[in-house]
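# Architecture at a glance
One letter stands for each residue in the lines below.
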Amino acid sequence: MNPDLQPNSDSGLPDGGLPDSFPDTGPSARDRTARDFSARDVPERTTPRSSTSPGTVVPDRGRAPAVSNARVIRVAGPEDLLAYIPYRLGFEPVESVVVVSLTGPRQRVGLVARVDLADLRLRRPGDPAGPDGGATARWLTDHLVADGADRAVVVLYTATDTAAPSGAARRAADVLRARIDRRLPGTEVWLVAPTGFRALDCQDPLCCPPEGRPLAVLKGSRVAAHMVLEGRTVAGTREERYTLRPAPEAARTQARRAAARWTDTYRRLRHRTRFPDGGGPLDVAVPAPQPGGSAAREAARSAARTTARRAARTGARSAAARAEQTQRELADWGAQSLGLWRSAVRAVAHAEPGQPVPLSPVDLGKIGAALADVPVRDAVLLSLVPGTEQAALRTARREADGDTDLATGAVMAQIVDPERGIPPDQDRTQPARRVLEAVVRHVPRNRRAPAYLLLALIAWWHGDGGLAVERVSDALGVDPDYRLALLLRSAVVGGVPPGWVRRERTLFHGGAGTAAQPGAATELGAATEPGAATEPGAMATG
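Figured I'd write up the structure that's included with this text. (Residues numbered from 1 in each chain as written. Predicted model: local features only at pLDDT ≥ 70, side-chain atom pairs only at ≥ 80, totals over all residues. Heavy atoms only, no water.)

## A word on the nonpolar core
Side chains of nonpolar character tend, in soluble globular proteins, to be buried together. Heads up, the rule is: The nonpolar core is taken to be a set of buried Ala, Val, Leu, Ile, Met, Phe, Trp, Tyr and Cys residues, with the residues joined through side-chain atoms within 4.5 Å. Only protein chains enter the calculation, and the probe is 1.4 Å; a residue is then buried if its accessible area is under 20% of its type maximum, exposed if over 50%, and partly exposed in between. We count a stretch as a helix when DSSP gives it H or I for four or more residues in a row; a strand needs E for two or more, and each element gets its number in order from the N terminus. The contact criterion used throughout is that any non-hydrogen atoms of two residues lie within 4.5 Å.
Val155, Trp341, Ile415, Val435 and Trp460 are the most contacted members of the largest nonpolar core, which totals 90 residues. Among the elements that line this core, the one with the most residues is helix 14 (residues 449-462), at 12 residues. Other than its neighbours up to four places away in sequence, Val155 contacts Leu82, Ile85, Ser96, Val97, Val98, Trp190 and Val192. Formed by 25 residues, the second largest nonpolar core is a distinct cluster that contains Leu117, Ala149, Ala193 and Leu200.

## Some thoughts on the packing of helix 10 (residues 374-382) against helix 11 (residues 389-396)
In plain terms, the rule: To obtain each axis, a line is fitted to C-alpha atoms, and for helices this fit is confined to the stretch in contact; angles are then taken between N-to-C directions over 0 to 180 degrees. We call two directions roughly parallel when the angle between them is under 35 degrees, roughly antiparallel when it is over 145, roughly perpendicular when it lies between 65 and 115, and oblique otherwise. Charged residues are taken to be Asp, Glu, Lys and Arg, nonpolar residues to be Ala, Val, Leu, Ile, Met, Phe, Trp, Tyr, Cys and Pro, and polar residues to be all remaining types, Gly included.
One way to put it is that helix 10 packs onto helix 11 with a least axis distance of 8 Å and a crossing angle of 170 degrees. The orientation of helix 10 relative to helix 11 falls into the category roughly antiparallel. In contact with Pro375, Asp378, Ala379 and Leu382 of helix 10, helix 11 contributes Ala391, Ala392, Thr395 and Ala396. Looking at the contact of helix 10 with helix 11 residue by residue, the classes come out as six nonpolar, one polar and one charged.

## Quick word on the pairing of strand 7 (residues 188-193)
Put simply, the rule reads: Pairing between two strands is assigned when DSSP locates at least 2 bridges connecting them.
Counting buried positions over the six residues of strand 7 gives five, a clear majority of the element. Sheet topology places strand 6 (residues 151-157) next to strand 7; five bridges connect them, and they run parallel. The residue bridging Val155 from the neighbouring strand is Trp190, located in strand 7. Where strand 7 lies against strand 8 (residues 196-199), four bridges are found, and the strand directions are antiparallel. Residue pairing in the sheet places Trp190 in a bridge with Ala199 of strand 8. Connecting strand 7 to the next strand, strand 8, in antiparallel fashion are two residues.

## With respect to the pairing of strand 4 (residues 96-103)
Buried residues dominate strand 4, accounting for eight of its eight residues. The alternating pattern of strand 4 places Ser96, Val98, Val100 and Leu102 on one face and Val97, Val99, Ser101 and Thr103 on the opposite face, and all of these are buried. Judged from the seven bridges that link them, strand 4 and strand 5 (residues 108-116) form a sheet pairing that is antiparallel. Looking at strand 5, one finds that Val99 is bridged to Ala113. Count of turn residues in the strand 4/strand 5 antiparallel hairpin: four residues, of which Gly104 carries a positive phi of about 80 degrees. Here seven bridges tie strand 4 to strand 6, and the two strands are oriented antiparallel to one another. Its bridge partner lying in strand 6, Val97 is registered against Leu156.

## Focus on the pattern of salt bridges
Keep this limit in mind: A side-chain nitrogen of Lys or Arg and a carboxyl oxygen of Asp or Glu constitute a salt bridge if their distance falls within 4 Å.
Applying the stated criterion across every chain yields a total of 19 salt bridges. The residue Arg213 makes a salt bridge to Glu79 at a minimum N-O spacing of 3.8 Å. Taken together, the positions of Arg213 in the loop between strand 8 and helix 4 (216-219) and Glu79 in helix 1 (residues 78-89) put the pair 134 residues apart, joining distant regions of the chain. Of the residues examined, Arg213 reaches a relative accessible area of 30% and is grouped as partly exposed. Salt-bridge contacts for Glu399 lead to Arg397; the nearest nitrogen and oxygen are separated by 2.9 Å. Given the relative accessible area of 22%, Arg397 is considered partly exposed. Each of Arg170, Asp174, Arg177 and Asp201 takes part in a single network of salt bridges with overlapping partners.

## Describing the environment of Gly495
Among the structural elements, Gly495 can be located in the loop between helix 16 (483-493) and helix 17 (499-510). Residue Gly495 is classed as buried on the basis of its relative accessible area of 12%. Distance in space between the C-alpha atoms of Gly495 and His143 is 7.3 Å, their sequence separation being 352 residues.

## Concerning a positive patch on the surface
The criterion, for reference: Residues enter a patch when their relative accessible area is above 30% and they make no salt bridge; the linking distance is 9 Å between like charges and 5 Å between nonpolar side chains (Val, Leu, Ile, Met, Phe, Trp, Tyr). Areas reported here follow the Shrake-Rupley algorithm with a probe of radius 1.4 Å; residue values treat only the protein chains shown as occluding. None of His or the chain ends enter the tally, which takes Lys and Arg as positive and Asp and Glu as negative. The atom standing in for a charge is NZ when the residue is Lys, CZ when it is Arg, CG when it is Asp and CD when it is Glu.
On the surface, a cluster of positive charge is contributed by Arg252, Arg256, Arg257 and Arg261. One can find Arg257 in helix 7 (residues 249-271). Arg257 gets classed as exposed once you look at its relative accessible area, which sits at 51%.

## Quick look at the packing of aromatic side chains
The geometry of two aromatic rings is summed up by the distance between their centres and the angle between their planes. Counted only if it meets this: Centres within 6.5 Å make a pair out of two Phe, Tyr or Trp rings, where for Trp the six-membered ring is used; the pair is then stacked when the planes are under 30 degrees apart, edge-to-face when over 60, and tilted otherwise.
In the structure shown here, the tally under the stated rule is three aromatic pairs. Measuring from ring centre to ring centre gives 5.6 Å for Trp262 and Trp333, while their planes differ by 25 degrees; the resulting arrangement is stacked. Pair noted here: Trp262 is in helix 7 and Trp333 is in helix 8 (residues 294-350), with a separation of 71 residues, a long-range link. Both residues of the pair, Trp262 and Trp333, count as buried. Ring centres 4.8 Å apart and planes at 40 degrees place the aromatic pair Tyr266 and Trp333 in the tilted group. Here Trp333 lies in helix 8 and Tyr266 lies in helix 7, a separation of 67 residues in the sequence. When its relative accessible area of 3% is taken as the criterion, Trp333 is described as buried. Each residue in the set Trp262, Tyr266 and Trp333 is aromatic and connected to the rest through ring pairs, giving one cluster.

## Overview of unusual backbone geometry
Located in the positive-phi region is Glu95, a residue other than glycine, with phi close to 45 degrees. Looking at the element boundaries, Glu95 is found in the loop between helix 1 and strand 4. Of the residues examined, Glu95 reaches a relative accessible area of 30% and is grouped as partly exposed. Notably, Arg398 is not glycine yet its phi reads approximately 65 degrees, a positive angle. The topology assignment puts Arg398 in the loop between helix 11 and helix 12 (402-416). Looking at Arg398, the relative accessible area reads 25%, which means it is partly exposed.

What follows is the structure, encoded as structure tokens:
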């Protein structure tokens, strides 16, 4: 099962110092499946695909800011809703079911979720490990209700015959609609097939011909045009959207060697600090037995003890000095690593729109190696939030104290906590994402887990649940015991949106302010309620 949950995070249409736990996600019996959750689809200008080398970064510029108030777009019919879903997901759904949460009198878009059509197949007797369509339908319904939906829209994407009552697509629609209608009556079901789109149960051939209305209508809708103007793009497949192509072999070789050298430097420094008392083995000469009586022997032993004590004191002072020097060198290693990160991010952020930014494979290799060090990784995380420059540097240098602990806690609260959460600053997070993706493309697989984890966290903060699940699964594929990745996965799979979205959800349902309700998406796209062409409706996300 490859579901994609996208809690509504659109700001418009078209729009080590880390926590021990994320918000409670509730039951996790289905955590073994790959889900994509997102709290808000923060619009992001996407650079068109080109022949640019994978080792070159093309910056995104001119993006809309991450704002909390929804922009509202009027829709004249279901074509606007159906046109929006692929942009919300980032790819064209194939043999999939998408559910959309609609809330309030103006039918604001909330959760958008996608699952494979096969996941709604009823479990066969004697196949306990097979798909459980009833459980999947309950899971989707529970998320719709938790999102505060007043009603739901279901969209089938299939090339199979939906007219046959025994067909897989028709059975999937019936199972899901029956489950949703128990709690949210009036569910509409739409069909998008290679020949066209139509309401699944419409019997009027003038309204919904058997082959459906032309798909060109969706491509030419106002929502699709607005999305194009916003710079949003749609990948042809789910794999195309999430795959990171490796850099050329020569660049990967440079990065691999640089990462190995940078890691060796780190290990040598760490090894030199491992004596628990700051000292090391003493090299003290043992005096040879002395001839003569006992007095002479005692004098020789006394002299030896005195010499040993002096040597121990001298050795301890020398060892302490060496340990202090090593700590300084280790701090400099962390500072240099953070400096490499900052330089790469700055290069991407300051480039002109569409201008390729060739990043050094050597620097990318060193960054990839440095991210395995928890203080450096935490410093990179701190740098995603404005005003944390000094705290990030001190963290990378291992100068942790009460102030740096507070700074780290404050940053995580701005991502996770519904009372203190803030939307991501795209001027920081998008260049950071580009650099992290470049790191993944260059370094060997066994070094990618920290970069994958940070990419997952950025995606989740932006409300892109599909990408968050994909990247956290990538991280766990490299390191199955990666604690922070396991915590983040439990939050994403449980449909928990980032803090700023949960706060707006509370405000919306409490009637305070005008913030639009955040929705969720698991490879689900956000769609708006199909309205009658003669009765324009409103579609909003935010």
